[in-house]
Amino acid sequence: MMEKNIVSEEIIHIKAPLDEKTVLSLRAGQLVLFDGIFYTARDASHKLLIELIEQGKPLPFDLQGQVIYYVGPTPARPGRVIGSAGPTTSSRMDSFMEPLLQRGLKGTIGKGNRSQEVIDLLKKYKAVHFSNIGGAAALIAKSIKKCEMVAFEDLGTEAIYRMEVKDFFAVVAYDTTGNDLYMEAIKRYGR
Amino acid sequence: MRQIEASTITQTVEKLCIDANYFLGQDVIDALERSLKTEEFCIGQRIIRDILENARIAREELAPLCQDTGFTVVFVELGQEVEIVDGNLKEAITKGVSQGYTKGYLRASIVKDPLKRINTKDNTPPFIHIDAIQGKQLKLTIMCKGSGCENMSRHIMLTPAQGRKEIVDFVVETVVRGGGRPCPPLIVGVGLGGTFEYSAYMAKKSLLRPVSSHHPEPHIKELEEELFEKVNNTGLGPQAWGGRATALAVHVETCPTHIASLPVAVNIECHSHRVKTVTL
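Residues numbered from 1 in each chain as written. Chains lettered and ligands numbered in written order. Predicted model: local features only at pLDDT ≥ 70, side-chain atom pairs only at ≥ 80, totals over all residues. Heavy atoms only, no water.

K.L.:
Can you help me understand the overall build of chain B in this one?
P.N.:
A tally of regular secondary structure across chain B gives eight helices and ten strands. Against the compact-globule benchmark of 19 Å for 280 residues, chain B has a radius of gyration of 19 Å, which places it among compact chains. With the principal axes as the frame, chain B shows a C-alpha extent of 55 × 50 × 40 Å. Counting over 280 residues, chain B shows a buried share of 57%. Across chain B, every contact between residues at least 6 apart in sequence was considered, and the portion connecting residues at least 24 apart equals 81%. For chain B, the separation between the mean place of its 32 positive charges and that of its 34 negative charges on side chains is 4 Å. (Helix = DSSP H or I, 4+ residues; strand = E, 2+ residues; numbered from the N terminus. Rg over C-alpha atoms; globule rule 2.2 N^0.38 Å. Buried < 20%, exposed > 50% of the residue type's maximum accessible area, 1.4 Å probe, protein only. Contact = heavy atoms within 4.5 Å. Lys, Arg positive; Asp, Glu negative; His and termini not counted. Charge placed at Lys NZ, Arg CZ, Asp CG, Glu CD.)

K.L.:
Looking at this structure, how should I read the packing of helix H2 (residues 26-38) of chain B against helix H3 (residues 42-61) of chain B?
P.N.:
The geometry of a pair of packed helices is captured by two quantities: the angle between their axes and the separation between those axes. All names here are of chain B. At a minimum axis separation of 9 Å, H2 and H3 run at an interaxial angle of 155°. One finds that H2 runs roughly antiparallel with respect to H3. In this structure, H2 meets H3 at a crossing whose hand is left-handed. Taken together, the residues of H3 that come into contact with H2 (itself represented by Ile29, Leu32, Glu33, Ser35 and Leu36) are Gln45, Ile48, Arg49, Ile51, Leu52 and Arg59. For the contact of H2 with H3, the residue count by class is six nonpolar, two polar and three charged. (Axes fitted to C-alpha atoms, helices over the stretch in contact; angles between N-to-C directions. Parallel < 35°, antiparallel > 145°, perpendicular 65-115°, else oblique. Left-handed = near helix turned anticlockwise from the far one by under 90°. Nonpolar A, V, L, I, M, F, W, Y, C, P; charged D, E, K, R; others polar.)

K.L.:
Would you mind showing me how to read empty space enclosed by the protein here?
P.N.:
Using a probe with the size of a water molecule, rolled over the atoms, empty space left in the structure can be pinpointed. Enumeration over the complete set of coordinates arrives at two cavities of 30 Å³ or more. Counted as a void, the second largest cavity has a volume near 30 Å³. Surrounding the second largest cavity, Gly135(A), Leu24(B), Ile51(B), Asn54(B), Ala55(B), Leu65(B), His271(B) and Ser272(B) form its lining. A per-class count over the lining of the second largest cavity returns four nonpolar, four polar and no charged. (1 Å grid on protein atoms, 1.4 Å probe; cavity = no way out; pocket = protein on both sides within 12 Å on 5 of 7 lines; lining within 4 Å. Points joined across faces, edges and corners; volume = space filled by probe spheres on them.)

K.L.:
Please explain the pattern of salt bridges as it appears in this structure.
P.N.:
Opposite charge on two side chains permits them to pair, given that their charged atoms come into close proximity. Going through the model one piece at a time under the given rule, you end up with 29 salt bridges over all chains. Ionic pairing is found between Arg191(A) and Glu40(B), a salt bridge with its closest N-O pair at 2.6 Å. Pair noted here: Arg191(A) is in the segment after helix H7 (181-189) and Glu40(B) is in the loop between H2 and H3, and the two residues belong to different chains. Among the residues examined, Glu40(B) registers a relative accessible area of 44% and is labelled partly exposed. A salt bridge links Lys230(B) to Glu226(B); the nearest nitrogen and oxygen atoms lie 2.8 Å apart. (Salt bridge = Lys/Arg side-chain N within 4 Å of Asp/Glu carboxyl O.)

K.L.:
Any chance you could explain the domain arrangement of chain B here in plain terms?
P.N.:
All names here are of chain B. Structurally, chain B comprises domain 1 (2-20 + 65-145) and domain 2 (148-273). When each unit is reduced to the centre of its C-alpha atoms, the spacing between domain 1 and domain 2 is 26 Å. The interface of domain 1 with domain 2 comprises eleven residues on the first partner and 13 residues on the second. When the two sides are added together, the surface that domain 1 and domain 2 hide from each other amounts to roughly 910 Å², 68% of it contributed by carbon and sulfur. Area buried by domain 1 at its contact with domain 2 is led by Phe75, Met143 and Lys145, which between them contribute 56% of it. (Domains from an automatic or database assignment. Buried area = accessible area lost by both parts, 1.4 Å probe.)

K.L.:
Just to check I follow, could you spell out the packing of helix H6 (residues 163-178) of chain B against helix H8 (residues 218-232) of chain B for this structure?
P.N.:
All names here are of chain B. Two numbers describe how H6 lies on H8: the axes approach to 10 Å, and their chain directions differ by 40°. In terms of orientation, H6 and H8 fall into the oblique class. Pair H6 / H8 crosses with right-handed handedness. Note on element contacts: H8 touches H6 through Glu222, Leu223, Glu226, Leu227, Lys230 and Val231, opposite Arg164, Val168, Val171, Val172 and Val175. Grouping the amino acids of the contact of H6 with H8 by side-chain chemistry returns seven nonpolar, no polar and four charged.

K.L.:
What exactly am I supposed to notice about the environment of Gln45(B) here?
P.N.:
All names here are of chain B. If you trace the backbone, Gln45 turns up in helix H3. Between the alpha carbons of Gln45 and Val278 there is a distance of 34 Å; along the sequence they are 233 residues apart. With sequence-adjacent residues up to four places away left out, Gln45 is seen in contact with Leu36, Glu39 and Glu40.

K.L.:
Sorry, what's going on with the nonpolar core here?
P.N.:
The nonpolar side chains of a soluble globular protein tend to be buried with one another. Ranked by size, the top nonpolar core spans 121 residues in total, and within it Phe34(A), Phe38(A), Phe130(A), Val188(B), Trp241(B) and Val264(B) carry the most contacts. No other element matches the ten residues that strand S7 (residues 160-174) of chain A contributes to this core. No fewer than three residues from each of domain 1 (2-20 + 65-145) and domain 2 (148-273) of chain B sit in this core. (Core = buried A, V, L, I, M, F, W, Y, C linked by side-chain atoms within 4.5 Å.)

K.L.:
Is there a simple way to think about the sheet that holds strand S9 (residues 262-269) of chain B in this case?
P.N.:
Whether parallel or antiparallel, the strands of a sheet pair through hydrogen bonds between backbone atoms. Residues and elements named next belong to chain B. An order of S6-S9-S7-S8 is seen for the four strands of this open sheet, with the pairing classed as mixed. This sheet does not close on itself; its edge strands, each paired only once, are strand S6 (154-158) and strand S8 (247-257). On average, adjacent strands in this sheet sit at an angle of 15° to one another, irrespective of strand direction. Sheet strands touched by helix H7 (residues 196-206): S6, strand S7 (186-194), S8 and S9. Its angle to S7, the strand with the most contacts, is close to 145°. (Pairing = 2+ DSSP bridges.)

K.L.:
Help me out: how do you make sense of the side chain of Thr174(B) in this one?
P.N.:
Residue and element names in this part refer to chain B. Positionally, Thr174 belongs in helix H6. For Thr174, a relative accessible area of 2% corresponds to the buried category. A polar atom in the side chain of Thr174 sits 2.7 Å from the backbone oxygen of Phe170. For Thr174, the contacting residues outside a window of four places in its chain are Met152, Arg154, Val266 and Ile268. (Polar contact = N/O pair within 3.5 Å; in protein donor to acceptor, adjacent residues only side chain to side chain.)

K.L.:
I tried to follow the sheet that holds strand S5 (residues 138-145) of chain B on my own but got confused; where do I start?
P.N.:
All names here are of chain B. With mixed pairing, the four strands of this open sheet are ordered in space as S4-S2-S5-S10. Two strands close off the open sheet at either side, each with one partner strand: strand S4 (127-133) and strand S10 (274-279). The sheet shows a mean angle of 15° between the axes of neighbouring strands, taken without regard to direction. When strand S2 (residues 71-79) meets S4, the two strands line up parallel, connected through seven bridges. Paired with Glu77 across the strands is Asp131, a residue of S4. Each of S2, S4 and S5 is contacted by helix H4 (residues 89-103), which is oriented at about 140° to S2, the strand it contacts most. Lying on the sheet, H7 is in contact with S2, S4 and S5; it crosses S2 at an angle near 95°.

Quick look at the structure:
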């Protein structure tokens, strides 16, 4: 399955927030183009989200079915929707995953490998992690059509934003059955 | 003595910060194009093409190459016959970084204290290395480096008996452990010898060389070539999604060291390699 998806360069369109059927059908190595809504969060905003959960307080947005993009954009020039907006390193958010998955989070997007713990959590809660191209931030910004502040404004670049995206390119890195794009890559191309 | 005004230094650093973040160096573009020719995996080729397209958009639309516009490292070569007037060298550089990051719509990514973690809002302070040289020139080199790759850097104090083989193993292991997190294709900077801290400084300084240039000493050039081949045989490839182009280059710098020591530092740099130099 992976062989076919990776090598064929076939890309499918999917919508965010994610529905269950799509989540279950995706496999590591599948290329996707997202249309829909993402919420952004990275280190500092994750810490605040977890604090709200621990205090039993409501979150600034409903996590059900949602996709979180790990990004801290550059400031937008006047007249532009957003600055440059590529992914940050996913594994720094590993320790924050479970409480968010428990509240219905279905997808995350970032760059680089995640821990075995996260791979197991994605299986348990039936969610998917995607990777997109780190360092292609000016190009990626082209697929972000709207961007508005949702919460934690004083965190600046680390605040939570709601983004509307169109044809946003990513690859499934970890799926609901435990497949791992990064492990497969080394197996396939290592010499 | 030749006099240079502090305000000239500030203006120069401001421009260097902006230029580094918008305009990818031709040496990096050439190295990416070379890697495109040898990449076997079709998705790996697509990633490299997207990185080149990203550089074009950044250049034409004055958009930062990467949202992590980095911490700023400034390497200063200060001629001994230069006098800085109407200000202080470090303050002038710091002001240039502040102005560059603010006027250039670059991200403020520095926190004042590693534990309290409050953002300084203008990406200051920069990290400054000053070297005294002969003459009447002031050379300023700035590197805007993302922390995704910096975080994957490692250091080890090997024993002389461990030698070359352990060096190779440590460098390759560092790249494999980093996986996709430092944004391959990488530029791998290696510092061998010196002291604990000097090896790390050399590893970073090796990244200032034109990408894919070789060390003048044949045995170090040979080491660079071996490391380059081994790193690109790991299978990580662009973004570690698979393929050949794990690194664009491996640069090694060396210096004398103690009879009991073999310090090894590996400074990992991403493909968004932002370095600019001006000589005043």
